[in-house]
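# Tertiary structure, described
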Amino acid sequence: MSLVIGVPKETAAGEKRVATVPEVVEKLIKLGFRVAVQSGAGDAANFDDDAYRAAGAEVVGDAAALWAKADIVFKVRGPSAGEVGLLREGGTLISFIWPAQNPELMQQLAAKKATVLAIDALPRTLSRAQKMDALTSQAGVAGYRAVIEAANAFGRFFNGQITAAGKVPPAKVFIAGAGVAGLAAIGTAAGLGAIVRANDTRAEVADQVVSLGGEFVKVDYEEEGSGGGGYAKVMSEGFQQAQREMYAKQAREVDIIITTALIPGKPAPRLITAEMVKSMKPGSVIVDMAAEQGGNCELTEPGQAVVKHGVTLIGYTDLVGRLSRQSSTLYATNLFRLAEELCKTKDGVINVNMEDEAIRGLTVIKDGAITWPPPPPKAPAAPPQAKPAAAAAPAAKGHGHGAGEPMAAGTLAIVFGVAAALFWLVGAYAPASFLSHFTVFVLACFIGYMVIWNVTPSLHTPLMSVTNAISSIIAIGALVQIAPSLEAGAAGRPDELIRWMAVAGLALTCINMFGGFAVTRRMLAMFRK
């Protein structure tokens, strides 16, 4: 019998999201599940009960009745103690859990003999797990909303403008941390026309910052900042001192600072001091996205927007909830993709396969037994070492050649032998005029091959480079035909026909070549700001 997925109303203060949305309900039903939603669960995200009913869900009025009915519970926030009491014995819960920070909750859920999948524990380094990565989808929404909140509190345009009333300079925005949230903030601020700068301890994100229209600000201290699971690591004291000096300089220059620095399981690092806040221009804005974990700014008040030293400090802890409809839709899609992995048979029954690395990472409790933390991921198998002697043997015997390798000596001799025999046959039996044209044809093929395949596509696509090279050869050939020849009088009208065909070929070739450069210019212009 198919299982029932229950979606209760979130009880955490200020939480506006809902764990599934009507369009995803339809997809869950196609997987064989039945879906029950608590009445009013989607109201804060602008999804009413009628929309859920139209999608095929059952709307249940009472929270206790919903939890009693559900075999699997989809939630956003981890359950409260009261909700744990409502969970069915041996039931399944899928939500944010944060097992390292909530050991008591883990014990309570284990006592219910539950199976718990923590969406925050997904191994983010697995490429096939990206479709289930709710942390990424929610962080992207938060980064976008952080810029919107900053723009709302900022007293000027983001983009520079020249008006009849005077010139307005563009806003300068500094993003501290270029993870998922930071990159979303960079793209949004740049799209609004601001001058965007960003910094991250991981040097490899510099190209991503630039690609989104930002400028990467490097700390004058060499140290690698990549940590496990795609997060940054805690840096040395020397690096942190150099980083503080860079932040102090940026604080004096920019109008808006958005901080995103956070390492799971640790308090938010203090990046912006009170002295830096005092040094900022009046009317500046700081959006502290790490406020829930204490904040990156020394003066942040979690959950509040306050003005100190003339600077607006935004410490909202519900940035994702402020775009509840969008964030709920993305989160619901993440859970649907997880449901697909759990129910590959599409019969409404889940299989928590502990042999699957992604599912094993997510599963923090299995049938009442705490399985968190998961074992370390398996290291990829080392590629087999090539054996030089064995690899050289086929080439020595003349059995062929691989892509990009020189032809074996025996094969090369055979090819040249066959070509020489064919050329002798042509020379022995073909007319003299044909032989001269055939010789030119063979040489043209050889020269054309050498020219075309040695073109470096530095400012073109490879295809455009090859076509321009071919066009160049055609143009040279046409010019040769157009030029007066020694037999111009003898050939008569046929020579004139060939000459006009060459003129037409030259004209078409020029169109192709100039068109290729024009297209290339337009392609390059797309990447210029």
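This write-up is about the structure you can find in this document. (Residues numbered from 1 in each chain as written. Predicted model: local features only at pLDDT ≥ 70, side-chain atom pairs only at ≥ 80, totals over all residues. Heavy atoms only, no water.)

## Quick word on unusual backbone geometry
Looking along the chain, the bond that leaves W372 and enters P373 is cis, with omega of 0°. Relative to the helices and strands, P373 is located in the loop between β17 (369-370) and α13 (388-397). Despite not being glycine, W98 has its phi angle at roughly 55°, a positive value. Assignment of secondary structure puts W98 in the loop between β5 (92-95) and α5 (103-111). (Helix = DSSP H or I, 4+ residues; strand = E, 2+ residues; numbered from the N terminus.)

## Comments concerning helix α7 (residues 180-191)
Over its 12 residues, α7 extends 17 Å from the first C-alpha to the last, a length consistent with the 16 Å expected when each residue adds 1.5 Å. Regarding α7, the residues found buried are A181, G182, L183, A184, A185, I186, T188, A189 and A190. Next to the buried residues of α7 lie α6 (134-153), β9 (172-176), β10 (195-199), α8 (206-211) and β12 (256-259). At the exit of α7 stands G193, carrying a positive phi of roughly 100°. (Expected span 1.5 Å × (residues − 1). Buried < 20%, exposed > 50% of the residue type's maximum accessible area, 1.4 Å probe, protein only. Contact = heavy atoms within 4.5 Å.)

## Regarding the pattern of salt bridges
Scanning the model with the defined rule gives 25 salt bridges in all. For K75, the salt bridge is made with E10, and the minimal N-O distance between the two is 3.0 Å. One end of the pair, K75, is in the loop between β4 (72-74) and α4 (81-86); the other, E10, is in the loop between β1 (4-7) and α1 (22-30), and 65 residues separate them in sequence. With respect to class, K75 is no different from E10; both count as buried. Ionic contacts of the salt-bridge type, sharing partners, join the residues R128, K131, E341, K344 and D356 into one network. (Salt bridge = Lys/Arg side-chain N within 4 Å of Asp/Glu carboxyl O.)

## Section: the packing of aromatic side chains
Going through the model one piece at a time under the given rule, you end up with 5 aromatic pairs. Consider the rings of F96 and W98, whose centres lie 6.2 Å apart with planes at 15°: the pair is stacked. Accessibility expressed as a relative area gives 10% for F96, which makes it buried. Centre to centre, the rings of F96 and Y331 are 5.6 Å apart; their planes meet at 15°, and the pair counts as stacked. (Phe/Tyr/Trp six-rings, centres within 6.5 Å; stacked < 30°, edge-to-face > 60°.)

## Some words on the packing of α1 against helix α11 (residues 324-342)
Orientation of α1 relative to α11, taken along the N-to-C sense of each, is 10°, at an axis distance of 9 Å. For the element pair α1 / α11, the angle class is roughly parallel. Residue-level inspection shows E23, V24, K27 and L28 of α1 in contact with α11, the latter providing T329, A332, T333, F336 and A339. In terms of residue class, the contact of α1 with α11 is made up of 5 nonpolar, 2 polar and 2 charged. (Axes fitted to C-alpha atoms, helices over the stretch in contact; angles between N-to-C directions. Parallel < 35°, antiparallel > 145°, perpendicular 65-115°, else oblique. Nonpolar A, V, L, I, M, F, W, Y, C, P; charged D, E, K, R; others polar.)

## Considerations on the sheet that holds β5
As summarised here, the arrangement of the 8 strands in space is β3-β2-β1-β4-β5-β6-β16-β17, forming an open sheet in which the pairing is mixed. Each edge of the sheet is formed by a strand with only one pairing partner; in this case those strands are β3 (58-60) and β17. Inspection of the sheet shows β4 paired to β5 by 3 bridges, in the parallel sense. Following the sheet pairing, F74 is matched in β5 by I94. Most of the contacts of α11 go to β5, to which it runs at about 140°, and overall it touches β4, β5 and β6 (115-118). (Pairing = 2+ DSSP bridges.)

## Focus: the sheet that holds β9
Sheet architecture is open: 7 strands sit in the order β11-β10-β9-β12-β13-β15-β14, paired in mixed fashion. The open sheet has two edge strands with one neighbour each: β11 (215-216) and β14 (305-308). For β9 and β10, the ladder comprises 5 bridges, and the chain directions are parallel. Within the sheet, the bridge partner assigned to V173 lies in β10 and is V196.

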